[in-house]
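# Notes for the structure review
Letter by letter, the chains look like this.
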Amino acid sequence: MRMIVDLSDLSNSLTIHTTGQSGHAYHPHYIDMADLWRTIQYHPMLWDLEKIEQEAESLLLLTP
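Basis of the calculations
Residues numbered from 1 in each chain as written. Predicted model: local features only at pLDDT ≥ 70, side-chain atom pairs only at ≥ 80, totals over all residues. Heavy atoms only, no water. Helix = DSSP H or I, 4+ residues; strand = E, 2+ residues; numbered from the N terminus. Rg over C-alpha atoms; globule rule 2.2 N^0.38 Å. Buried < 20%, exposed > 50% of the residue type's maximum accessible area, 1.4 Å probe, protein only. Contact = heavy atoms within 4.5 Å. Areas by Shrake-Rupley, 256 points an atom, 1.4 Å probe, with all protein chains shown as cover. Phe/Tyr/Trp six-rings, centres within 6.5 Å; stacked < 30°, edge-to-face > 60°. Lys NZ or Arg CZ within 6 Å of the ring centre and 35° of its normal. Pairing = 2+ DSSP bridges. pLDDT = per-residue confidence, 0-100.

### Section: the overall build of the protein
Secondary structure assignment for the protein yields 2 helices and 3 strands. Helices (α) and strands (β) of the protein occur, in sequence order from the N terminus, as β-β-α-β-α. Here the protein has a C-alpha radius of gyration of 14 Å; the compact-globule value for 64 residues is 11 Å, and the former is much larger. Projected onto the principal axes, the alpha-carbon positions of the protein cover approximately 40 × 30 × 20 Å. Within the span of the protein, comprising 64 residues, buried residues form 11% of the whole. Relative to all contacts within the protein whose residues are 6 or more apart in sequence, the contacts with residues 24 or more apart total 39%. When the accessible area of the protein is evaluated, it comes to approximately 5,500 Å², of which 59% is carbon and sulfur surface.

### As for the packing of aromatic side chains
In this structure the tally under the stated criterion is 0 aromatic pairs. Stacked on the ring of Trp37, the Lys or Arg Arg2 has its end atom at 3.9 Å from the ring centre.

### Focus on unusual backbone geometry
With a phi close to 75°, Tyr26 is a non-glycine residue in the positive phi region. Even without a glycine there, the phi angle at Ile40 is positive, about 55°. Mapped onto the elements, Ile40 comes out in the loop between helix 1 (34-38) and strand 3 (43-44). Note on Ile40: relative accessible area 58%, which makes it exposed.

### Structural notes on the sheet that holds strand 1 (residues 2-4)
If you walk across this open sheet you meet the 3 strands as 1-2-3, and the pairing is antiparallel. Looking at which strands have only one partner, the edges of the open sheet turn out to be strand 1 and strand 3. Judged from the 2 bridges that link them, strand 2 (residues 14-16) and strand 3 form a sheet pairing that is antiparallel. Residue Leu14 lies in a different strand from strand 3, and its bridge partner there is Pro44.

### Observations concerning the confidence of the model for the protein
Residues with a pLDDT of 70 or more make up 95% of the protein, whose mean pLDDT is 90. Per-element mean pLDDT across the protein ranges from 90 in helix 1 up to 95 in strand 1.

Set out below in structure tokens:
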């Protein structure tokens, strides 16, 4: 994992994983960040709830 963190404004921070978010082989998101890693590109780190909700692919609710 690589990240660039702007401590004066966290919303300017960037990150990338070598493989993907999943970490589980054969999962659709296992290798989806490898090309970005290889070509030194990043994803923004999301810090405020509104931005997180805008960028979300899905929502998982766990209820007891």
